[in-house]
Structures are given as C-alpha cells and as structure tokens.
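Coordinate inspection notes
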Amino acid sequence: MFRRVDNAQVEYDLQGAGAPLLLIHSLLTELTVFDLMLPRLARERRVTRINLPGFGASAPLELASVAAHADHVARVMDALELAKNCTVFGNGFGAFVALELAIRHGSRFGRLIVADTLATFPEPARTPFRGMAAKVTAEGMKGVLDTAIGRMFPPAFAERHPDVIAARKAALANVDAPCFARACLALASMDLTAEVAKIKNPTLVMCGALDQTTPPALARELAQRIPGARYEEIPDSGHCPMLEQPRVLTERILAGT
C-alpha cells in the first residue's frame, strides 16, 4: 500500500487488529525483515510497517539527519492516522529514528521500544559509516553489500543461514544509494547523549547479546539515560533480532505493549 507524504510515495503495510504498533526497520533492511514476526504480532496488535525514504518502494527524499527522518515518520503517522496510543518499535537505524521521534514528537505516540541502538557512537565506530557512505557514493549499493551484511549478522549465523544472507543482500541492493549514504553520514554525526533524558514515553531498550555494531554495554548505558527505561538483552542475537531471534523479540514486544 502507498500514501503520499512530503510530496513523495511512502510504502506501508497494515495487518491485524488490536492496540496499534508501528515497526521501523534498520539501515540494512526494509519492512519485509519483520515477516517472521508478523503473524504472531498481528493476532494481538494492529501492525503498521513502513519503508523509510529510498527503501523498498518508498520514494527517495533528501533527509540529512536522523532528526529529519523522525520528522518524516511523524508526518507519516499523521497521514496514516495512527492513534496517539501507538507503540513505536525500531531496530538499528529505525531505533535511532524512534529515539528522535520520542525526543521531538513524544506526545504523538505511547510506548517506545528500541533494539540495538545507543545514544552516540564512539569516534572509532563513526569511521565505518563514513567509509560506507563514500563507497556507496562511488560504486552504488553493490560496493557495500558484503560490509553491510558483516555488520548485520554474527559470522556463525551467516554460515548457518546462507538463504537469509542471500535474501538480505538482494533487498539491500535495491536501496536508493544516495539515501543510504545520507543515512550513514547522519549516524556518523549523531549525538543524542544530552537529548534522550527528555524522553517521557515509557521505554524498553533491548540489545542482542552478540551485537558488535551497537554493543550491549552502550545500549544499557542508553537505557540508564532515559528516565524510567528498562533494559533487556536478547540471548544469541546480533544486530538483527527480527531474523536471529524472532520469537523472543515478538514476545518481548507484546509484553512491552
């Protein structure tokens, strides 16, 4: 399904019945990454999935910061008439967008659930984002596929699930390269350290125990900075629990909403 927002096409999907739940994908995925979770979620929640600009069939937009992405998502929520008690879940880049959404538009929704995120990247961790932005600008998405997948999954999971790796590479190859580059640079420059204390939404922060991109220690530190937030670790998962531990993640989202 499609809706026009910011004079651009936004791809979305709506399934199920119950309390509203919005799912926001990461930098290295798009809305189909939630497919394994959707049947269970949709039995108890009215689930909306969106593709961020340049992902899936959503049209590209020039959004230069995580905050600009959050403002866009807020406008999408208004256009889709999502209720103000909607729970927002984000993973990876989607989690950073969800954090900014809570900072900038917290009264627009209810609970906040984020997985595999942090307040800011240490300087050494910013370099790979700048490198991916440069490489994708020079070579297109094909230039970053292997690097991106390496950041997404622990090696053991990748070895056991070549079909998942192939599917994720195929989806990632179709992302709009300039949008991807802008998102990488937005992550490289982002610092929410002082801002997350402003979040008033009831918040659950989760992190894969094996996540090397947004390590558990930094995710736990994020939770400590958000008033009243809880922290939970996801065993045997890296940066993409939707594919690595979909049942565990699903149950925790349902319990948290």
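What this report covers is the structure whose coordinates are included nearby. On a predicted model such as this, the values are computed, not experimentally measured, just so you know.

The next subject is the packing of aromatic side chains. Using the criterion set out here, one finds four aromatic pairs in the structure. With a centroid separation of 5.5 Å and an interplanar angle of 45°, the aromatic rings of Phe96 and Phe121 are classed as tilted. Of this pair, Phe96 sits in helix α3 (residues 93-105) while Phe121 sits in the loop between β6 (112-115) and α4 (123-139), and the two are 25 residues apart along the sequence. What makes Phe96 buried here is its relative accessible area of 1%. Judged by its relative accessible area of 3%, Phe121 falls in the buried class. Grouping aromatic residues by their ring pairs yields a cluster made of Phe96, Phe121 and Phe129. In this structure, Arg151 packs its charged tip against the face of Phe129, placed 4.6 Å from the ring centre.

Another aspect to go through is helix α9 (residues 216-225). Listed in full, the buried residues belonging to α9 are Pro216, Ala219, Leu222 and Ala223. In an axial view of α9, the angular spread of the buried residues amounts to 115°, which keeps them on one side of the axis. On the buried face of α9, the contacting elements are α3, β7 (203-208) and β8 (230-234).

A few words now on empty space enclosed by the protein. For the coordinates displayed, the defined rule picks out one cavity of 30 Å³ or more. Together, Leu27, Leu28, Gly92, Phe93, Phe96, Phe121, Phe129, Arg151, Leu187, Thr213, Thr214 and His239 line the largest cavity.

The residue Thr120 is located in the loop between β6 and α4 in this model. Separated by 98 residues in the primary sequence, Thr120 and Leu218 place their C-alpha atoms 8.6 Å from one another. Residue contacts for Thr120: discarding those within four places in its chain leaves Arg126, Met190, Asp191, Leu192 and Thr193. At 2.7 Å, the side chain of Thr120 and the side chain of Arg126 are in polar contact.

Cut-off values and rules
- Residues numbered from 1 in each chain as written.
- Predicted model: local features only at pLDDT ≥ 70, side-chain atom pairs only at ≥ 80, totals over all residues.
- Heavy atoms only, no water.
- Phe/Tyr/Trp six-rings, centres within 6.5 Å; stacked < 30°, edge-to-face > 60°.
- Helix = DSSP H or I, 4+ residues; strand = E, 2+ residues; numbered from the N terminus.
- Buried < 20%, exposed > 50% of the residue type's maximum accessible area, 1.4 Å probe, protein only.
- Lys NZ or Arg CZ within 6 Å of the ring centre and 35° of its normal.
- Arc of directions from axis to C-beta.
- Contact = heavy atoms within 4.5 Å.
- 1 Å grid on protein atoms, 1.4 Å probe; cavity = no way out; pocket = protein on both sides within 12 Å on 5 of 7 lines; lining within 4 Å.
- Points joined across faces, edges and corners; volume = space filled by probe spheres on them.
- Polar contact = N/O pair within 3.5 Å; in protein donor to acceptor, adjacent residues only side chain to side chain.

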